[in-house]
Amino acid sequence: MSKTTTGKTPTDAPTDAPKDAPKGTPEDVPTAGEEQELGDAGSQLSTAPKEEAPGLPALGVIGWARWFWRQLTSMRVALLLLLLLSLGAIPGSLIPQEGVDALKVEDFREKHDILGPLYDALGLFHVYSSVWFSAIYILLFVSLIGCIVPRTWQFVGQLRGRPPGAPRRLTRLPAYTTWRTGAEPEQVREAALTLLKKRRFRAHAVGDAVAAEKGYAREVGNLAFHIALIVMLIAFAWGQLFKYEGNKLILEGDGFSNTLTQYDDFKSGNLFDPDHDLAPFSFSLKNFRGTYEATGPNRGTPRVYEAKVDYSEGAYGEEKTTTIKVNEPLEIDGSKVYLVSHGYAPVLTIRDAKGNVVMDKEATALLPLDSNVTSSGAVMVRDGYRNAEGEKEQLGFNAFFLPTYGGEGSTMLSAFPALTNPMLALSAYHGDLGVDAGFAKSIYQLDKKNLEEFKDSDGELFKKQLKIGETMTLPNGAGTVTFDGVQEWAGFQVTQQPASGWALAGAVAAIFGLAGSLFIQRRRVWVRAVKGADGVTVVEMAGLGRSESAKVPEELGDLAAILYEQEPGTPDTADGPDAPDTADAPDAPDTADAPDAPDTADAPDAPDTADGPDAPKNDDDTPDSPDTHVVPAEGAEK
């Protein structure tokens, strides 16, 4: 009958040791050549660099340089640098950054006398462009390249080569099975080669065995993951160096040209040149349209939020019309124009003491404070105004606007974002606005250091609430202010982020590469077929994986079952070299063809084969086919 062995040393596996050799004799101990042979068969299941024994580098500059390079390109250092890069990004999220909001940085410096100078010294107000963050970034980049390049060449060499030949003793491998068959060894090896290739193994015949390997996609995924990280690092660095971002508030009817002076605020990468690298285009805001939920729990939530614009590319480009929506930007020559905000601009007419118009129906944009577009800002009259005495002065008004006023007795907060009951509240000042001092000033806030309040009859700050069409008369005949109407504005952000497509592609490739390296196992299978001492072919199959997994024994069991069906086992009693000749025994059953026949010792007139001096022991529990439940070799009994 056929034999199946699952363990480290199967009882019926071919061996050169004597049958009665005691356990633990030198015949059981693998020789140095066998150890080396198994090492070759189990090698190169991974392209990971081999760990070297710790020791001091050779003296001299070259020795220290080699040691430093080996440490820098090791996986542990790459992981450490990646951890440091993540930790270094934390201050950039918690501490205000100069490239994002310079006003917050100045405010932080004023409020923190100790932390401000300390953060400046450590570069924490510009983390992503600091020396220490750039050093970590560059070291990680070099570490990944130094790790990937040799592993890639090694993997290419493995693809160009063939799977290594079978070890001398397949029984020492974690997954193993064997059986005997009447087929010729060449026939078994040919069937095994066809089967393994059909299962997408890279297989070839080596001597008396077939060697096969599968799972190269694991290393492909591993290399793809690391290469994708490099692509992402390059893409992010390129994007930070050559990006730009600017914001512009545009009133309905006004336009914008993509030049540096047109932006309300602008920031760019270190290698971006605003004078030459800005894409030439322009656009004008025809109208903004916003509709909102009027009732229910989502009252005030925008339903339609879009801006209709006319734009042209280049100095003499054809004018086109389009609509910009939230998350649907206008793309022009690598730049994207996003709609990011919306608000209102009261239209005012202001006259001086003699009735001369110093502001003729001019709209002043106010900034929203909440989701219902309660807005505030400043109205300034810089030139042309003269007071009742004929002296030149400047006027300033603190403005508070509600698109939907709740009426008298309600709070000074808008009840709805749409223009249903607009109201404008003004408080008046006169004097010097400070805009002619040569320093940058906010146009949305009054500098009251050199301004005086207009006083009402009670000696308090003069202020008044106006509806559309109403006029406010300033004290002492200083002039009038008329609320003529409301104009809408839209805020746009113009950005250019080069290499963003490469960064996205790198992120997707990294995910797929990591999945492949985690869920695909690289494994090898060997099939050996040789003639035994009794002339019967002995088939051995063994498998080896990179890591311990139930998949290798299961797959080996499936392959063995299929191969056994093609090359079935041969009964031991029929061909055993020492079996007695029972063919001439009268009335004896054919034990070769009837595996379930009664014991020949009880047959009438049959010789007593059970007591034959040379008859082998017939183990009725021996399976007729290979055991597909193959177990790891470690711990198996001999």
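Residues numbered from 1 in each chain as written. Predicted model: local features only at pLDDT ≥ 70, side-chain atom pairs only at ≥ 80, totals over all residues. Heavy atoms only, no water.

## Describing the confidence of the model for the protein chain
(1) Moving on: Averaged over every residue, the pLDDT of the protein chain is 81; residues scoring 70 or more account for 79%.
(2) Moving on: Overall, residues 1-35 carries pLDDT values under 50, and its contacts beyond four positions in sequence, including any with other chains, amount to 78 contacts.
(3) Moving on: Low pLDDT (under 50) marks residues 573-638, which in the prediction has 83 contacts with non-local residues, meaning those over four places away or in another chain. (pLDDT = per-residue confidence, 0-100. Contact = heavy atoms within 4.5 Å.)

## Observations regarding a nonpolar patch on the surface
(1) Moving on: On the surface, Leu80, Leu83, Leu84, Leu87, Ile90 and Leu94 cluster together into a nonpolar patch covering about 570 Å² of accessible area.
(2) Moving on: Take Ile90: it is sitting in helix 3 (residues 75-94).
(3) Moving on: What makes Ile90 partly exposed here is its relative accessible area of 41%. (Patch = residues over 30% accessible without salt bridge, like charges linked within 9 Å, V, L, I, M, F, W, Y side chains within 5 Å. Areas by Shrake-Rupley, 256 points an atom, 1.4 Å probe, with all protein chains shown as cover. Salt bridge = Lys/Arg side-chain N within 4 Å of Asp/Glu carboxyl O. Helix = DSSP H or I, 4+ residues; strand = E, 2+ residues; numbered from the N terminus. Buried < 20%, exposed > 50% of the residue type's maximum accessible area, 1.4 Å probe, protein only.)

## A few points about the pattern of salt bridges
(1) Moving on: Applying the stated rule across the entire model yields 19 salt bridges.
(2) Moving on: Its salt-bridge partner being Asp107, residue Lys111 comes within 3.2 Å of it at the nearest N-O pair. Of this pair, Lys111 and Asp107 both sit in helix 4 (residues 102-111), separated by 4 residues, roughly a single helical turn.
(3) Moving on: Lys111 sits in the exposed class, given a relative accessible area of 62%.

## Here we look at helix 3
(1) Moving on: Taking 1.5 Å as the rise per residue, helix 3 with 20 residues should run 28 Å; its terminal C-alpha atoms sit 30 Å apart, in good agreement.
(2) Moving on: Within the sequence span of helix 3, burial applies to Val77, Ala78, Leu81, Leu85, Gly88, Pro91 and Gly92. An end-on view of helix 3 places all buried positions within 125 degrees of arc, on one side of the element. Turned more than 90 degrees away from the buried face of helix 3, the exposed residues are Arg76, Leu79, Ser93 and Leu94.
(3) Moving on: On the buried face of helix 3, the contacting elements are helix 2 (61-72) and helix 6 (131-160). (Expected span 1.5 Å × (residues − 1). Arc of directions from axis to C-beta.)

## Let's talk about the packing of aromatic side chains
(1) Moving on: As enumerated under the stated definition, the model contains 18 aromatic pairs in all.
(2) Moving on: On the basis of an interplanar angle of 75 degrees and a centroid distance of 5.7 Å, the ring pair of Phe108 and Phe125 is categorised as edge-to-face. Of the two residues, Phe108 is situated in helix 4 and Phe125 in the loop between helix 5 (115-122) and helix 6; the sequence distance between them amounts to 17 residues.
(3) Moving on: Classification of Phe108 as buried rests on a relative accessible area of 15%.
(4) Moving on: Between Phe155 and Tyr216 the ring centres are 6.3 Å apart and the planes differ by 50 degrees, which places this aromatic pair in the tilted class. Residue Phe155 is located in helix 6, and its partner Tyr216 is located in helix 8 (residues 216-242); the two are separated by 61 residues in the primary sequence. The same class applies to Phe155 and to Tyr216, which are both buried.
(5) Moving on: Members of the aromatic cluster, connected to one another through ring pairs, are Tyr244, Phe256, Tyr263, Phe266, Phe272, Phe283 and Phe492. (Phe/Tyr/Trp six-rings, centres within 6.5 Å; stacked < 30°, edge-to-face > 60°.)

## Topic: the nonpolar core
(1) Moving on: In terms of nonpolar packing, the biggest core is built from 25 residues, with Ile350, Phe397 and Leu474 touching the most fellow members.
(2) Moving on: Looking at this core, the elements that each hand over two or more residues are strand 11 (335-351), strand 12 (357-363), strand 14 (375-381), strand 15 (394-402), strand 16 (423-431) and strand 20 (480-496).
(3) Moving on: Sorting elements by how many residues they give to this core places strand 15 first, with 4 residues.
(4) Moving on: The residues contacting Leu474, other than those within four sequence positions of it, are Leu395, Phe397, Ala428, Phe454, Phe462 and Gly479. (Core = buried A, V, L, I, M, F, W, Y, C linked by side-chain atoms within 4.5 Å.)

## Focus: the layout of surface pockets
(1) Moving on: By volume, the second largest pocket is sized at about 1,300 Å³.
(2) Moving on: As for the second largest pocket, its lining consists of 48 residues, and the residues nearest its centre are Tyr128, Phe133, Tyr137, Phe236 and Gln240.
(3) Moving on: Among the elements of the structure, helix 3, helix 6, helix 8, strand 6 (265-268) and helix 10 (500-519) are those that each provide at least two residues to the lining of the second largest pocket.
(4) Moving on: Of the residues forming the lining of the second largest pocket, the biggest block, 11 residues, is contributed by helix 8. (1 Å grid on protein atoms, 1.4 Å probe; cavity = no way out; pocket = protein on both sides within 12 Å on 5 of 7 lines; lining within 4 Å. Points joined across faces, edges and corners; volume = space filled by probe spheres on them.)

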